[in-house]
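Chain by chain, the residues:
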There are 2 protein chains.
Amino acid sequence: MIRLAFLALLFSFIVTTNADDKVDDTSVYSVHPIGHVEKYNGKTAVVLDQQYLPGLLRLEDFSHVWVIWWFDQNDTPEMREILQVHPRRDSRNPLSGVFATRAPVRPNLIGLSLCRIMAVNENIVEIDGIDAFDGTTVLDLKPYIPSMESIPAAKTPKRL
Amino acid sequence: MIRLAFLALLFSFIVTTNADDKVDDTSVYSVHPIGHVEKYNGKTAVVLDQQYLPGLLRLEDFSHVWVIWWFDQNDTPEMREILQVHPRRDSRNPLSGVFATRAPVRPNLIGLSLCRIMAVNENIVEIDGIDAFDGTTVLDLKPYIPSMESIPAAKTPKRL
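Residues numbered from 1 in each chain as written. Chains lettered and ligands numbered in written order. Predicted model: local features only at pLDDT ≥ 70, side-chain atom pairs only at ≥ 80, totals over all residues. Heavy atoms only, no water.

*Asks:* I would appreciate a short explanation of the overall build of chain A in the present structure.
*Replies:* Secondary structure assignment for chain A yields three helices and nine strands. Order of helices (α) and strands (β) in chain A, N terminus to C terminus: α-β-β-β-β-α-β-β-β-β-β-α. Taken over 160 residues, chain A has a buried fraction of 46%. Here the analysis covers contacts within chain A between residues at least 6 apart in sequence; of these, 69% occur between residues at least 24 apart. Summed over all atoms, the accessible surface of chain A reaches about 8,600 Å², with 58% contributed by carbon and sulfur. (Helix = DSSP H or I, 4+ residues; strand = E, 2+ residues; numbered from the N terminus. Buried < 20%, exposed > 50% of the residue type's maximum accessible area, 1.4 Å probe, protein only. Contact = heavy atoms within 4.5 Å. Areas by Shrake-Rupley, 256 points an atom, 1.4 Å probe, with all protein chains shown as cover.)

Here's what the structure looks like:
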């Protein structure tokens, strides 16, 4: 009987601990594919899942679109722990924090590419190209706003 | 001719296979805060969690940074299902797909803001401002690359 009471106490402790963990888990958010990059016949497109087709309404009014994608191939705990790299994997470029590079390793594996819109047909957004593999997960599309996002004189360091 | 037919058959098979893959795609990826927006004494900063401090190395070499953040306050299934809005919540702007707007409702609640870097001190990146609430979750920082991301003549529709 005492053993049972002890087990009950232990169990309640474990449950409490888990509940505490869950409080911390609220700082994890989920993202899911809205579509994928597809490359075919020399063309490149973002092909949205059919359910997201309504989200493309009037995208053709813009000339450029931000494609926000996922570095699928690097989604391991080890890759997500890398915080410094040599830009462009060239050791002549000084070691830099990943937040000072566009490297495909970082804590959250979000890729960001500005693309020219060639055509929008149904759920297919044809773009001029993208530095992402065929089949790459796409998370979001956003129109490019030059009045806010075009800063020709922005400063960058020289890199090889 | 036979070779062409074979290629066509192969291509149709690939396309079919890809299409099938897409229908079944229920992948979910996890993202977590690397820091938060903080507003204080008329200043605005991205304050990184201490563990990510190494990731900021050499960010000060850039004048502008992309802040990728999470629309915390809209993280409900209902908000994530909205696919069309009137831009800027103004009904005089024609209904548009969320992927043709920067609206804070979308399937993946990723916000994207270009900010000027005022200073980088330890884990604090002071910026000129951001259209995000105090305390907003930040997911990633990326340097702004004007040679690729500054397109003054990019086309946009007129909106109120």
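*Asks:* I keep staring at the side chain of A:Ser113 and nothing clicks. Help me out?
*Replies:* Residue and element names in this part refer to chain A. Its location among the elements puts Ser113 in strand β7 (residues 110-121). Classification of Ser113 as buried rests on a relative accessible area of 11%. Within polar-contact distance, the side chain of Ser113 engages the side chain of Trp69 at 3.0 Å. (Polar contact = N/O pair within 3.5 Å; in protein donor to acceptor, adjacent residues only side chain to side chain.)

*Asks:* Can you help me understand the pairing of strand β2 (residues 35-40) of chain B in this one?
*Replies:* Side-chain positions along a regular strand alternate between the two faces of the sheet. All names here are of chain B. Here β2 pairs with strand β3 (residues 43-48) via six bridges, running antiparallel. Within the sheet, the bridge partner assigned to Val37 lies in β3 and is Val46. Counted between consecutive antiparallel strands, the loop separating β2 from β3 contains two residues, among which Asn41 sits at a positive phi close to 50°. Bridge analysis of β2 against strand β9 (residues 137-143) gives two bridges, and the strand direction is antiparallel. Within β9, the residue paired with His36 across the bridge is Thr137. (Pairing = 2+ DSSP bridges.)

*Asks:* I tried to follow the sheet that holds β3(B) on my own but got confused; where do I start?
*Replies:* As a general point, the strands of a sheet are linked pairwise by backbone hydrogen bonds and lie either parallel or antiparallel. Residue and element names in this part refer to chain B. Around the barrel, six strands lie side by side as β2-β3-β8-β7-β4-β9; this closed barrel has antiparallel pairing. Direction aside, neighbouring strands of the sheet carry axes that sit 50° apart on average. In the sheet, strand β4 (residues 64-70) pairs with strand β7 (residues 110-121) via seven bridges, with the strands oriented antiparallel. Within β7, the position partnered with Trp66 by the bridge is Leu114. (Axes fitted to C-alpha atoms, helices over the stretch in contact; angles between N-to-C directions.)

*Asks:* Is there a simple way to think about the interface of chain A and chain B in this case?
*Replies:* How large an interface is tends to be reported as the accessible area lost when its parts come together. In this assembly, 71 residues from chain A lie in contact with 69 residues from chain B. The junction of chain A with chain B conceals about 6,400 Å² of combined surface from both sides, 61% of it contributed by carbon and sulfur atoms. Three residues stand out in chain A for area buried against chain B, namely A:Tyr29, A:Phe99 and A:Arg102, and they jointly supply 13% of the buried area on that side. Across the chain A-chain B interface, the total number found is four salt bridges. A salt bridge links B:Arg106 to A:Asp140, with the nearest nitrogen and oxygen atoms 2.9 Å apart. For the pair chain A and chain B, the interface holds 41 residue pairs in polar contact (both at pLDDT 80 or more). Broken down by element, the side of chain A that touches chain B gets its largest block of residues, six residues, from strand β9 (residues 137-143) of chain A. (Buried area = accessible area lost by both parts, 1.4 Å probe. Salt bridge = Lys/Arg side-chain N within 4 Å of Asp/Glu carboxyl O.)

*Asks:* Got a minute to help me understand the packing of aromatic side chains in this structure?
*Replies:* Two numbers describe a pair of aromatic rings. These are the distance of the centres and the angle of the planes. In this structure the tally under the stated criterion is seven aromatic pairs over all chains. Ring centres of A:Trp66 and B:Trp66 lie 4.8 Å apart, and the angle between their planes is 75°; on these two criteria the pair is classed as edge-to-face. In this pair, A:Trp66 is assigned in strand β4 (residues 64-70) and B:Trp66 in strand β4, connecting two distinct chains. When sorted by exposure, A:Trp66 lands in the same class as B:Trp66, which is buried. (Phe/Tyr/Trp six-rings, centres within 6.5 Å; stacked < 30°, edge-to-face > 60°.)

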